[in-house]
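Coordinate inspection notes
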Amino acid sequence: MALVNGALVLKKLIFFVALCLISLLSSSQGKEVYDEFRYPFIKKASSFAFVSSSSSSGHINDYDYIIVGGGTAGCPLAATLSQNFSVLVLERGGVPFANSNVSFLQNFHIALEDISPKSPSQPFVSSDGVINSRARVLGGGSVINAGFYTRASPRFIKRVGWDAKLVNESYPWIEKQIVHEPQPEPYQIAFRDSLLAAGVAPFNGFTYDHLYGTKVGGTIFDRFGRRHSSAELLSSGNPQKLTVLIYATVQKIVFDTSGKTPKAVGVTFKDENGNQHQAFLADKPQSEVLLSSGAIGSPQMLLLSGIGPKADLEKLNIPVVLNNEFVGKGMADNPMNAIFVPSSREENQTLIQTVGITKMGVYIEASSGFSQSKDSIECNHGIMSAEIGQLSTLPPKQRTPEAIQAFIKRKRDLPHEAFKGGFILEKIANPISKGDLRLHNTNVDDNPNVSFNYFSHPYDLKRCVDGIRIATKVAQSEHFTNYTRVDKQTVEKILNLSVKANVNLIPKNINDTKSLEQFCKDTVITIWHYHGGCHVGTVVSPDNKVLGVDRVRVVDGSTFSESPGTNPQATVMMMGRYMGLKILRDRLGRAAGI
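Residues numbered from 1 in each chain as written. Predicted model: local features only at pLDDT ≥ 70, side-chain atom pairs only at ≥ 80, totals over all residues. Heavy atoms only, no water.

Right, let's talk about the pattern of salt bridges for a bit. Applying the stated criterion to the full structure yields 16 salt bridges. We note a salt bridge from glutamate 169 to arginine 585, for which the minimum N-O separation is 3.2 Å. With glutamate 169 in helix α6 (residues 164-178) and arginine 585 in helix α16 (residues 569-588), this residue pair connects regions lying 416 residues apart in the sequence. Here glutamate 169 falls in the partly exposed class, since its relative accessible area comes to 32%. Here lysine 462 and aspartate 466 are joined by a salt bridge, their closest N and O atoms 3.1 Å apart. In this pair, lysine 462 and aspartate 466 both sit in helix α12 (residues 458-476), 4 residues apart, roughly one turn of the helix. When its relative accessible area of 48% is taken as the criterion, lysine 462 is described as partly exposed. Counted as one network, the salt bridges with shared partners bring together Asp64, Lys284 and Arg587. (Salt bridge = Lys/Arg side-chain N within 4 Å of Asp/Glu carboxyl O. Helix = DSSP H or I, 4+ residues; strand = E, 2+ residues; numbered from the N terminus. Buried < 20%, exposed > 50% of the residue type's maximum accessible area, 1.4 Å probe, protein only.)

Here's what the structure looks like:
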């Protein structure tokens, strides 16, 4: 018995020490701290070597590959290519490792509310009036998202033309390093049972696979609630061949236009002090600039570099390298709407663990606990609506200072008790509605103009209505009412609660709770699954090389015509590994050794 008690004490002591170490790490928030032994190749951009005539190329350093954006795809791409070739990663943000706002699940909403210039999350407002976020940190969107990990469907893999065997080698490489099975939370269990009761069946258990029915997916949060982002995949790289510069903001790709086809020779970037630098590719036909800046950053970078619609580029005095009218076109974002589920309990904070995959093109997910957090519900975060972890606004012309101040006042006056509970999240798969991306100036730090045209296609609106009907059935299920200890509500009351809970600046219509179509339009938000702008066939080739120029490739979600799976991060990470392996094998054959 003494041995058993001793073992229990030791186990608790180890757990306590682990928590203390995690807390110690998180106390370094705001400082640029990272493990120099694990990541010796990460440096600030100002450390970059200047030009010298001592080397044969005229530069101290040139690189086989320059990756613009150390994000969700860029990090695994860099780690893979560095096994055989010299790689330079240029990331405009800082490191995530010691920032508690992005490192811990409980602070998920706080990172999104940070709108400071060095925040890992950069807000942007689409012309639709919905404020969104794009990542500005090493690890990209995997640092600020809800952490859910689930693979794409076989149909998606076939549609994009990827090698299924190589795909199935690439996913596990990610999963073995940073993905975990979530610990089931009571709210998520009630949600699971309610989905099944609403007919979203069968139950497929814990799986990474995309299967119709209800399932539990993976997460990049471990059992301590600590995030493991794409940035950690860099530890698999070859430190002798890998250089990662943080606070390195690429301004454009540099082309040699003296030949028949424009050829990338390098990039220009600025460091954290505003000083300008140039990084050059090695003088080899296979060397490439690889854009991994995301669905906003990659089309923006092509435009700033002179690849895009000629008339638009000339208006901004950007020298035209290649006239391509399709750059920035076909932008899409999966619209999401939320149903508030009140609870008499103090809910634990949970993000996505369980998902319902329907055959009507709708996904149903759930989160809990964030709405009752005092730093979420009562603090002034500008025009943030942390109750759903998102931002929604008036249309731009109605976004007056008076309206914003009225919103802030309402937010301060919200009672803590009013938002005990969670949300059921309904998302449209593969929206038909499309928009575009255009530059409004040549400052890379500024967001371009983006439109998504949510629900402009009637089929998208129909699917939202169908999804809201499922979500309300889930909220009315006895599994939820028994768990939350709140009486079953009518559909109208559920929607009314949701309209009030979804605190935003969008004017509400009197029939919001009577017309599901109006409810969808007025409460639409984003779940950050936007994609497009560099589509295969119009901007890039099937192997992601930019059409019409040499030595430039795009490796991120801007090439997607649809968002893969219920949540795209697994496939975007896999894409980085996949494309790295494909490049190595195409270039080296069996000598790649991977």
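Next up on the list: the state of the cysteines. Under the counting rule described, the total for this entry stands at 1 disulfide. In this model, cysteine 464 is linked to cysteine 520 through a disulfide, with the two sulfur atoms separated by 2.1 Å. In this structure, the disulfide formed by cysteine 464 and cysteine 520 twists by about -100° around the S-S bond and is classed as left-handed. Remark: cysteine 520 occurs in helix α15 (residues 516-522) and cysteine 464 occurs in helix α12; sequence separation between them is 56 residues. Taking the relative accessible area as the measure of exposure, cysteine 464 reaches 0% and is therefore buried. (Disulfide = S-S within 2.5 Å.)

Spatially, 4 strands are ordered β2-β14-β13-β12 in an open sheet, and the strand pairing comes out mixed. In this open sheet, the two strands that pair with only one neighbour each are β2 (62-63) and β12 (249-256). (Pairing = 2+ DSSP bridges.)

Quick look at the packing of aromatic side chains now. To describe a pair of aromatic rings, you give the distance between the ring centres and the angle between the ring planes. Enumeration according to the criterion identifies 17 aromatic pairs in this entry. Here the aromatic rings of tyrosine 39 and phenylalanine 41 are separated by 6.2 Å at their centres, their planes lie at 90°, and the arrangement is edge-to-face. Between tryptophan 162 and tyrosine 578, the aromatic rings sit 5.4 Å apart at their centres with planes inclined by 35°, giving tilted as the arrangement. Here the residue tryptophan 162 occupies a position in the loop between α5 (154-160) and α6, and tyrosine 578 occupies one in helix α16, the gap between them amounting to 416 residues. Residue tryptophan 162 shares its accessibility class with tyrosine 578, and that shared class is buried. Joined through ring pairs, the aromatic side chains of Phe124, Phe452, Tyr454 and Tyr530 make up one cluster. Over the ring of tyrosine 247 we find lysine 118; its NZ or CZ atom is 5.4 Å from the centre of that ring. Positioned over the ring face of phenylalanine 203 is arginine 192, at 5.5 Å from the centre of the ring. (Phe/Tyr/Trp six-rings, centres within 6.5 Å; stacked < 30°, edge-to-face > 60°. Lys NZ or Arg CZ within 6 Å of the ring centre and 35° of its normal.)

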